[in-house]
Amino acid sequence: MKLPVSTLAAVTTGRRTTELRTLPVPRVGEDDALLRVEAAGVCGSDVVAYDTDGLPERVMGHENVGTIVAVGTGAARRWGVAEGDRVAVEEYLPCGHCRFCRTSEFRLCLGSDPSHDPTALRYGTTPLATGSGLWGGFSQYLSLHERSVLHRVPDGVPSELAAMALPIANGYEWAYREGGAGPGKTVVVIGPGQQGLGCVLASHVAGAAAVVAVGLGRDAHRLEVARRLGATHTVCADDVDVIEEVSRITGGELADVVVDTAAGSAATVNQAVALARKRGTVVTAVSSREPLDGVRFGQISRKYLTVRGVRGHSYEAVESALELMATERYAIGAMSSMTVGLDGVHDAVLGTAGELAKPVIHATVLPWGDRGDEF
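Note that this is a predicted model, so its numbers are computed, not measured.

Student: Go over the overall build of the chain, please, and point to the residues and values.
Tutor: Of the regular secondary structure elements, the chain holds 12 helices and 15 strands. Here the C-alpha radius of gyration of the chain, 20 Å, is about what a compact globule of 375 residues would show, namely 21 Å. Along the three orthogonal principal directions, the C-alpha set of the chain runs to about 65 × 45 × 40 Å. Out of the 375 residues belonging to the chain, those deemed buried represent 56%. A distance of 5 Å separates the average location of the 35 positive side-chain charges in the chain from that of its 44 negative side-chain charges.

The structure is reproduced here in structure tokens:
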């Protein structure tokens with residue numbers, strides 16, 4: 001196959017500003033590869049980054065799926081892949097030798113954590129001026145660095161579906177691996193966004209007796225999707241007292257596991273603590289870097305709670321997400337509500353932020369065209 005010398009990419013040039021550019025495609029070396037991007041998902045973290053001033057130019061997009069069109073012999077041996085293989089790419093570019101990497105916790109590797117080191121490598125956030133510049137899936141081609149983490153996409157799984165492997169994996173990681181969702185347990189998920197719906201699905205698959213999804217009035221569509229993914233109950237916080245309603249649902253027992261995927265305020269953290277039964281588990285994915293005043297820590301001690309902070313996913317979680325997709329038993333496609341071409345990246349991010357008239361749960365960028373409809 002004749003390899004391309006250039007690629008079309010949507011480059012984020014400033015706050016809420018993206019422009020299409022033609023970028024050079026680097027030669028593939030012994031230890032790297034080139035991916036023809038089929039689909040790239042838009043994450044909630046992309047919304048935050050897109051609305052931030054002062055970030056360097058970059059190609060965003062870290063929920064990436066595509067076909068390997070060229071691979072060095074060293075990379076092929078290391079990853080166990082060949083040209084023509086379809087893969088999903090994790091956002092992390094771990095160093096491979098630190099304590100976290102050696103204990104299978106590579107998502108915590110400081111070498112792939114821009115919040116620790118601005119020069120750290122990570123798909124979707126690494127600046128255009130670094131290396132090839134092709135660090136994001138909002139481009140027709142993506143450079144696969146030697147530190148990339150790849151997963152084979154099962155046959156028959158559409159690209160738009162596979163592009164949701166990471167948010168579904170987050171749900172598996174947070175609700176099941178960290179929260180302990182399982183048979184006989186009641187799980188409450190606060191926030192029915194991508195990650196929250198992933199938690200609903202994971203809890204259902206794990207066999208939870210009751211799965212309660214909590215949202216707001218504007219989340220009517222998302223709560224409907226939560227039902228399709230296995231929620232036994234949905235609660236609109238604008239209409240009822242959430243704690244009273246969960247108490248009613250559980251016969252006063254409250255929840256074994258509460259997962260807070262909301263924006264991150266003292267109100268939602270306190271609500272999560274209040275919803276947990278004694279000796280229950282609260283999993284919080286609060287991403288805010290600002291201190292939260294007014295959190296009722298005394299209730300954490302009084303109720304003897306286990307509180308786990310989480311972010312990201314393990315390798316196992318991504319594998320499990322792709323396996324779920326391959327079974328075709330679950331309505332995961334209901335989360336895919338918007339597809340755009342590279343010229344629609346701006347709208348896709350705004351849609352994910354809830355700024356369009358159309359309700360969007362997960363938007364997908366198709367670099368080679370615009371399907372323009374629901375999955």
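Student: So what's going on with the environment of Glu 253? Residues and values would help.
Tutor: With respect to the element layout, Glu 253 can be found in the loop between helix H8 (242–249) and strand E11 (255–260). Residue classification places Glu 253 among the exposed positions, given a relative accessible area of 54%. Sequence spacing of Glu 253 and Asp 155 is 98 residues, and the spatial spacing of their C-alpha atoms is 43 Å.

Student: So what's going on with unusual backbone geometry? Residues and values would help.
Tutor: One can expect most non-glycine residues to show negative phi and most peptide bonds to be in trans. A positive phi angle, near 65°, is found at Ser 104, a position not held by glycine. When you line up the elements, Ser 104 lands in the loop between helix H3 (99–102) and strand E6 (141–144). Classification of Ser 104 as exposed rests on a relative accessible area of 54%. Positive phi, normally seen in glycine, also occurs at Glu 328, with a value near 60°.

Student: Got a sec to walk through the packing of aromatic side chains? Specific residues and values, please.
Tutor: Under the definition given, this model contains 4 aromatic pairs. Ring geometry for Tyr 92 and Phe 106: centres 6.0 Å apart, planes at 75°, overall edge-to-face. In this pair, Tyr 92 is assigned in the loop between strand E5 (86–89) and H3 and Phe 106 in the loop between H3 and E6, connecting sequence segments 14 residues apart. Since its relative accessible area comes to 13%, Phe 106 is described here as buried. Ring geometry for Tyr 123 against Trp 135: centres 6.1 Å apart, planes inclined by 45°, an arrangement best described as tilted. Of the two residues, Tyr 123 is situated in the loop between H3 and E6 and Trp 135 in the loop between H3 and E6; the sequence distance between them amounts to 12 residues. Neither Tyr 123 nor Trp 135 differs from the other in exposure class; each is buried. Looking at Arg 78, its charged tip hangs above the ring of Trp 79, at a distance of 5.1 Å from the centre.

Student: Just give me the short version of the nonpolar core, but keep the residues and values in it.
Tutor: Ranked by internal contacts, the top residues of the largest apolar core, which has 49 residues, are Ile 168, Met 325, Ile 332 and Met 335. When contributions to this core are tallied by element, the ones reaching two or more residues are helix H4 (159–162), helix H5 (165–178), strand E8 (186–190), helix H6 (194–205), strand E9 (210–215), helix H7 (220–228), E11 and helix H11 (315–327). With 7 residues, H5 is the largest single contributor of residues to this core. Residues Val 71, Tyr 141, Leu 142 and Ala 348 belong to the second largest nonpolar core, which totals 45 residues.

Student: Tell me what's going on with the sheet that holds E11, and back it up with residues and numbers.
Tutor: The 6 strands are arranged E10-E9-E8-E11-E12-E13 in an open sheet whose pairing can be described as parallel. Both edges of this open sheet fall to strand E10 (233–236) and strand E13 (306–309), since each of them pairs with a single strand only. Averaged over all pairs of adjacent strands, the angle between their axes in this sheet comes to 15°, without regard to strand direction. Sheet topology note: the strand E12 (residues 276–284)/E13 ladder contains 4 bridges and is parallel.

Student: Lay out H7 with the relevant residues and their values.
Tutor: When H7 is considered as a whole, its buried residues turn out to be Arg 222, Leu 223, Val 225 and Ala 226. Looking down the long axis of H7, one finds its buried residues gathered within 155° of arc, a one-sided arrangement. Away from its buried face by more than 90 degrees, H7 exposes Ala 220 and Arg 228. Turning to H7, the residues buried within the fold contact H6, E9, E10 and helix H12 (345–352). Once H7 finishes, Gly 230 follows within two positions and takes phi at roughly 120°, a positive value.

Student: How would you explain the pairing of strand E3 (residues 33–41) if you had to name every residue and give the values?
Tutor: Across the 9 residues of E3, 8 count as buried, placing the element largely inside the fold. The pairing of E3 with strand E4 (residues 63–71) spans 8 bridges and is antiparallel. Looking at the pairing, Leu 35 lines up with Ile 68 of E4. Note: E3 against E6, 4 bridges, orientation antiparallel. Looking across to E6, one finds that Arg 36 is bridged to Tyr 141.

Student: Provide a residue-level description of H11, including the pertinent values.
Tutor: Taking 1.5 Å per residue as the helical rise, H11 with its 13 residues ought to reach 18 Å, and the 19 Å between its terminal C-alpha atoms agrees with that figure. Among the residues of H11, Ala 317, Val 318, Ser 320, Ala 321, Leu 322, Leu 324 and Met 325 are the ones counted as buried. On the buried face of H11, the contacting elements are E5, strand E7 (150–152), H4, H5 and H6. Where H11 terminates, the next one or two residues include Glu 328, which has phi positive at roughly 60°.

Student: Can you break down the packing of H5 against H6 residue by residue, with the values?
Tutor: Following both chains from N to C, one finds H5 and H6 inclined at 60°, their axes separated by 7 Å at the closest point. In terms of orientation, H5 lies oblique with respect to H6. For the crossing formed where H5 meets H6, the hand is right-handed. Touching Pro 167, Ile 168, Asn 170, Gly 171, Tyr 172, Trp 174 and Ala 175 of H5 are Gln 194, Gln 195, Gly 198, Cys 199, Leu 201, Ala 202 and Ser 203, all from H6. Taken together, the residues of the contact of H5 with H6 break down into 8 nonpolar, 6 polar and no charged.

Student: Account for the side chain of Glu 91, naming residues and giving values.
Tutor: Inspection of the secondary structure assignment puts Glu 91 in the loop between E5 and H3. Buried charge without a partner: Glu 91 forms no salt bridge, and the closest opposite charge is Arg 122, 4.2 Å away. The contacts of Glu 91, once residues within four sequence positions are left out, are His 62, Ser 112, Arg 122, Tyr 123, Leu 166 and His 313.

Rules behind the numbers
Counting starts from 1 at the beginning of each chain's written sequence and moves along it residue by residue. Side-chain atom pairs in this predicted model are given and counted only at pLDDT of 80 or more, local residue features only at pLDDT of at least 70, and totals for whole chains, interfaces and linings cover all residues. Side-chain metrics rest on all non-hydrogen atoms present in the structure, leaving aside hydrogens and water. A run of DSSP states H or I qualifies as a helix once it reaches four residues; a run of E qualifies as a strand once it reaches two. Both are numbered from the N-terminal end. What the globule rule says is 2.2 Å times the number of residues to the power 0.38, and the radius of gyration is computed from C-alpha atoms. Three exposure classes are used, based on accessible area relative to the maximum for each residue type with a 1.4 Å probe and protein chains only: buried under 20%, partly exposed in between, and exposed over 50%. Neither His nor the chain termini are counted; the positive set is Lys and Arg, and the negative set is Asp and Glu. For charged residues, the charge sits on one atom: NZ in Lys, CZ in Arg, CG in Asp, CD in Glu. A pair of aromatic rings is counted whenever rings of Phe, Tyr or Trp (Trp by its six-membered ring) have centres within 6.5 Å, and the orientation is called stacked for planes under 30 degrees apart, edge-to-face for over 60 and tilted otherwise. Distance and angle both matter: a charge sits over a ring if NZ of Lys or CZ of Arg is within 6 Å of the ring centre and within 35 degrees of the ring normal. In these notes, a set of buried Ala, Val, Leu, Ile, Met, Phe, Trp, Tyr and Cys residues joined through side-chain atoms within 4.5 Å is what counts as a nonpolar core. Strand pairing is assigned whenever DSSP detects at least two bridges linking the two strands. Convention adopted: a line fitted to C-alpha atoms gives each axis, helices being fitted over their contacting stretch, and angles between N-to-C directions are expressed from 0 to 180 degrees. Along the arc lie the directions from the helix axis toward the C-beta atoms. Contact between two residues is taken to exist if any of their heavy atoms lie within 4.5 Å; hydrogens are not considered. One fewer than the residue count of a helix, multiplied by 1.5 Å, yields its expected span. For this classification, under 35 degrees means roughly parallel, over 145 means roughly antiparallel, 65 to 115 means roughly perpendicular, and everything else is oblique. Note on convention: the crossing is left-handed when the near helix lies turned anticlockwise from the far helix by less than a right angle, right-handed when the turn is clockwise. Throughout, the ten residues Ala, Val, Leu, Ile, Met, Phe, Trp, Tyr, Cys and Pro are labelled nonpolar, Asp, Glu, Lys and Arg are labelled charged, and all others, Gly among them, are labelled polar. Only one rule defines a salt bridge in this text: a Lys or Arg side-chain nitrogen within 4 Å of an Asp or Glu carboxyl oxygen.

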